[in-house]
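Topology and contacts: notes
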Amino acid sequence: MLKIEHLDVWFGLPPDRVDAVKDAGFSVTAGESFGLVGESGSGKSTILRAIAGLVGSWSGRIEVDGQQLEGHRRNRDFYRSVQMVFQDPYASLHPRHSVDAVLSEALKLQGMDDIDGRIPRLLDDVGLGRVFRFRYPHQLSGGQRQRVAIARALAGQPRLLLLDEPTSALDVSVQAEILNLLTDLRAEHGLTYLMVSHDLVVIGHMCDRLSVMQHGRIVETMDVAALRRGAGQQDYTRHLIGASSGYRRY
Amino acid sequence: MSQTRRDWLLSDAPQTRRQARLGAIYQGWLTFRANKLAMFGLIILVILIFTAIFAPWIAPQNPFSQNLGGRLAPPSAEHLLGTDALGRDILSRLIHGARITLFIVGTVALIAPIIGLFIGTVAGFAGGWLDQVLMRITDIFLAFPKLILALAFVAALGASIGNAVLALALTAWPPYARLARAETLTIRNADYIAAARLQGAGPMRLLIRHIWPLCISSLIVRVALDMAGIILSAAGLGFLGLGAQPPMPEWGAMISDGRTYILDFWWVAAMPGLAIFIVSLSFNLLGDGLRDVLDPKGGKE
Amino acid sequence: MTDPLLSVRDLRVAFPTRQGVFEAVRGVSFDLGRERLGVVGESGSGKSMTGRAILGLVRPPGRVTADRMDLDGQPILNLPERKMRKIRGSRISMVMQDPKFSLNPVMTIGDQIIEAYRLHAGGGKNVGRQKALDMLHAVQIRDPERVMQAYPHEVSGGMGQRIMIAMMLAPDPEILIADEPTSALDVSVRTEVLNIMDRLVTDRGMGLIFISHDLNLVAQFCDRVLIMYAGRVVETLTAKNLHDARHPYTQGLLNSLPRLDAPTGRLPVLQRQESWRDGDTITESLETEFPGGL
C-alpha cells in the first residue's frame, strides 16, 4: 500500500538548511496499522506531510499503491485514496465554515453525487448525529471537532489514512472515544493507517507495527508485541518505553 | 413569541442552513448592541442615510435658491443654521450634501477594499515573484501622501466629483492590500487550508472560499475606521476646488466658501465642519463596535 | 498541628453570559500543606480556573467568592490589585503550560529573572544577578552564564519551562501553582522538570499545586489528589491509592487510558452521569495529612 525508501526531507536552503528526515524507510501493507513514534522534532510528522504533498523538498522514493510520487504535486486519484487527520482539531476546521459546508465541499471536491444524502451518513459514521450538521466549529467540543475532521477525511472513501497525533490535544476520556472510532472505522471500511504519535501507549494500542524515530532517523522498526514486552533493540527505544511508563522518583 | 424566536436564533443545534446563518448574525448583533457608543454611531448613520434618501422632503428650502438680500444671515427661526454668502439656507444645503457625502464614502468604501483584498490575498497566497511585484507596487503608492496623490489624479483627469471619488479609491487601497496580505500569510499555513488542499481544492477555491471570508471581516472593520479619513479627504478635495463643483452642496466645498468670512460669520464654515465631525465620529464608533463583533481574535469564549 | 499554608473553603468562580450565570468553579474546598497536591480533571472541569482564582487572576466580569481563602491564616480573597501583586510572585507563583507565551520575547532571559526577583525582593543588580545564576543552576541548566544572555526563542521548550520555573522561584515563594507544566514537553525532559519541582517541595518545604490531566503522572508524582468534575471536587484521595478510586468518574478516567501491558480491542468509554455534577464528594479526609512538611 505504502512504501518509503531512502527518504530525506529538508527545509530551507544551505547554509540554513535543516534536515528534518534522514534516510527513512519502511513499508505498510494494505489493511495494516503502522505507527511512527518519536519526540518533538524527530521528523515523524514531516514524513506524513511529505507523503501528503504538503512539503515539496524531499528526495528518495515514496510509493502509494505502486504509484511513485514526486514533489508536492498529487493527482486526483491520490486525494481519493489518501487522506489526513491533523493534530489540533481547533486549527484544522475553518472557523467560518459550518460542519455542513466542510463536508459538502469535501464531497463535491471528491466528485461524489447525492451530497445531501451522504452528509447524514458521514455524520452517523463518525458518531456525531444529524443535529450537528449545521453547527459552526466554535459550537463544538474538541472531540466533536476531531470527529468532523475524520468525517471530512472519509468523504472520498480513502483507503489510506494519515493520522497526525489525532488525540494528543484531547482529554483522555475523549481520546478513548476517538481511538475506538478509528478502530471501528478501520474494521468497517478496511482502512490502512499510518499513525504518528509521541505517545507510545497510544501507538501500542492502535498499531500492528511501528518505527521509533530520533533526530530525523528511524532508530528501530518493531512489532507491537515486542513493544509490549519492552524488548527494544536500541537504547533509545528502551529509554522511551521507560519514560512513558510514568514518573519514578529517583 | 419573541422569546421563542430568540431561543430559535440562539439555539446551539440549528436545524437548517438558514437558522445557523441567522443565528450567527443574531449573536453578532447582540454583541454589537452591548456597545453603547457603537449603537450611537449606528443611529447617527441611519439618520444620515434617511436624510440623504428623503433630502428633498426634509430640507426646508431649495438648496440652490439664492437670496442676495438675506446673505450671511445668522441662525434664526427662518434659517435654523443661517445662510451663506449667496443667501442659501445652510441647513438645506447640508441635508442635500448628505447625499454627496454618502455617495463618496459608499463608492470609495466599495472600490478600495476590494482592490486591496484582491491584490493583498493574491500576493500573500502566491508568494514568490508575484508577491514581490505586487507589494512593490503597493509600496510605491504608499510612498506618496494620500491627498497629494489624489490631487495629482484629479488634476490629470479633470475636476469633478466622479474623478475625486476615483482618485480617493485609487489612493486608499494600499493599506488594505498590506492588511489582507498579512492575514493571508498567517492563514496560508493553517491546517484547515492543508486539509482543503488534500481534498484537491485548487488555488482559486482556496483563495475565494477559504481565505477571503477570513480577511473580509478585518477589512470591514478597517474600512469603517477609515471612513472618517475618507470623508475628510473628500472634503479636502472639495475645499481645494477639485471635488464637487459649485453650486453642488458638498460639505468640504461649503467650508471652503465660508473661509473668507470665518471671523465675522463663523456659522458659514462651522456648520458643515460640524456635520463632517459628527459623521466621522459616528463611523469611528461604528468601526469600534464592528471590531468587537467581527474580529476573530476577540475571542468567542 | 500547624496551620495549612493555604486553606480554601467553598470557592466559586462565576461568569455572566447571555444564557445566564455560568459557574466555572462551584464550591471547591481544600487545604494545602508543604506537599505535592495534584488537581486532576478534564478540560472545562475548572481546575485551571481554581489556580487562577487563588492568584486573583480571574478577569472581570468573572466573580470569585469563597467562605475562606487564607494564606498562612491571612485572608487573600479579592484583595485590591496592589496588595495582590505583592503576594503574587513573591509568596505564590504560577508556572503555565507553555513557556513560549509566558516569557517576554524581546528581553534576555537573565534580565527577566533579575527583574522578577528585584520586583519582589528588592536588592541591587548584582544581588539579583547572583540570585538568577543560582536559580538557573538550581533548575539544572548547565551553562547559566550563556543562558542568561539568550533570548527566549533561542532555547528549547524544555529549557524554557525550566527557566520559567527558575524565574517563578527566584523570590522564594511558599506556594507554587503549576498548571500543566509538563504537557508541552517530551517525556525525557518531563522527568527532569518534575525532579526539580520535587526537590523544591522536599528541600525547601514549598507547597505545590500540580494541575494536570495526566492521571498516571499525578498518581506517581503527587502526595494527594483532588479530582474535579464540572467545577466541583468529586473525590480526594492519597495519590498512591488513586488506582483504588471509588468515584465512578475517577474509575472511568483511569479505565479509558490505553495500557501497554493490557491490550484491548476497544477502550472502555466514560459514561457521564448527571448525578456527578452535584453528588457528594468522596473523601478520605479534607484536612491535609502533611501540614508541617514531609
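Calculation notes
Residues numbered from 1 in each chain as written. Chains lettered and ligands numbered in written order. Predicted model: local features only at pLDDT ≥ 70, side-chain atom pairs only at ≥ 80, totals over all residues. Core = buried A, V, L, I, M, F, W, Y, C linked by C-beta atoms within 7 Å. Buried ≥ 20, exposed ≤ 12 C-beta atoms within 10 Å, placed from the backbone. Helix = DSSP H or I, 4+ residues; strand = E, 2+ residues; numbered from the N terminus. Contact = placed C-beta atoms within 7 Å. Pairing = 2+ DSSP bridges. Axes fitted to C-alpha atoms, helices over the stretch in contact; angles between N-to-C directions. Expected span 1.5 Å × (residues − 1). Nonpolar A, V, L, I, M, F, W, Y, C, P; charged D, E, K, R; others polar. pLDDT = per-residue confidence, 0-100. Parallel < 35°, antiparallel > 145°, perpendicular 65-115°, else oblique. Left-handed = near helix turned anticlockwise from the far one by under 90°.

Side note on the nonpolar core
Membership of the largest hydrophobic core comes to 233 residues, with the highest contact counts inside it found for L162(A), L194(A), L168(B), I113(C), A166(C), I209(C) and F210(C). Among the elements that make up this core, the one with the highest residue count is helix α5 (residues 90-126) of chain B (14 residues). Non-local contacts of L168(B), meaning those with residues more than four positions away in its chain, are made with V108(B), A150(B), I230(B), S233(B) and A234(B).

With respect to the sheet that holds strand β3 (residues 33-37) of chain A
Residues and elements named next belong to chain A. Strand order in the open sheet formed by six strands is β6-β7-β8-β3-β9-β10, and the pairing between neighbours is mixed. Both outer strands of the open sheet, β6 (82-85) and β10 (217-223), are each paired with one neighbouring strand and no more. For this sheet, the mean angle separating the axes of adjacent strands, direction not counted, is 15°. As judged from the five bridges shared by β3 and strand β8 (residues 192-197), these two strands associate in the parallel manner. If you follow S33 over to β8, its bridge partner there is Y193. Each of β3, β6, β7 (160-164), β8 and β9 (209-214) is contacted by helix α1 (residues 44-52), which is oriented at about 145° to β7, the strand it contacts most. Along the sheet, helix α9 (residues 235-244) contacts β9 and β10; its crossing angle with β9, the most-contacted strand, is approximately 100°.

Side note on helix α7 (residues 157-169) of chain C
Under the 1.5 Å per step criterion, the end-to-end length of α7(C) is 18 Å for 13 residues, consistent within 8% with the ideal 18 Å. Buried residues dominate α7(C), accounting for 12 of its 13 residues.

Comments concerning the sheet that holds strand β3 (residues 36-40) of chain C
Residue and element names in this part refer to chain C. On the basis of which strands lie adjacent, the open sheet formed by seven strands has the order β7-β8-β9-β3-β10-β11-β12 and mixed pairing. Both outer strands of the open sheet, β7 (92-95) and β12 (282-283), are each paired with one neighbouring strand and no more. Where strand β11 (residues 232-238) lies against β12, two bridges are found, and the strand directions are parallel. If you follow T236 over to β12, its bridge partner there is T283.

A few points about the interface of chain A and chain C
On the chain C side, the residues contacting the 26 residues of chain A number 28 residues. Counting residues per element, the ones that place at least two in the side of chain A that touches chain C are α6 (172-189), α7 (200-206), α8 (224-229) and α9 of chain A. The dominant element in the side of chain A that touches chain C, judged by the number of residues it contributes, is α6(A), at seven residues. By residue class, the composition of the side of chain A that touches chain C is 10 nonpolar, 10 polar and six charged.

Concerning the pairing of strand β9 (residues 207-212) of chain C
Side-chain direction in a regular strand flips from residue to residue, so the side chains alternate between the two faces of the sheet. Residue and element names in this part refer to chain C. Judged by how many residues are buried, β9 sits mostly within the fold: six of six residues are covered. Neither face of β9 is left uncovered, since the one carrying G207, I209 and I211 and the one carrying L208, F210 and S212 both have all their residues buried. Bridging between β3 and β9 involves five bridges; their strand directions are parallel. Opposite L37, over in β9, you have I209 as the bridge partner. As paired elements, strand β8 (residues 175-179) and β9 share five bridges and run parallel to each other. Counterpart to I177 in the pairing with β9 is I209.

Re the confidence of the model for chain C
All names here are of chain C. Mean pLDDT for chain C: 83, with 95% of residues reaching 70 or above. Taken element by element, the predicted model of chain C shows its lowest mean pLDDT in helix α3 (residues 99-102) (71) and its highest in β3 (92). In this model, residues 290-294 is a region of pLDDT below 50 whose contacts with residues beyond four sequence positions or in other chains number 15 contacts. Across the predicted assembly, pTM comes out at 0.84 and ipTM at 0.88.

Details of the packing of helix α4 (residues 109-121) of chain C against α7(C)
When two helices pack together, their arrangement is given by the angle between the helix axes and by the axis-to-axis distance. Residue and element names in this part refer to chain C. Interhelical geometry of α4 versus α7 gives an angle of 25° and a closest axis separation of 8 Å. As the angle between them shows, α4 and α7 are arranged roughly parallel. By crossing handedness, the relation of α4 to α7 is classed as right-handed. The segment α4 lies against α7, with I109, Q112, I113 and A116 engaging I163, A166 and M167. The class makeup of the residues in the contact of α4 with α7 is six nonpolar, one polar and no charged.

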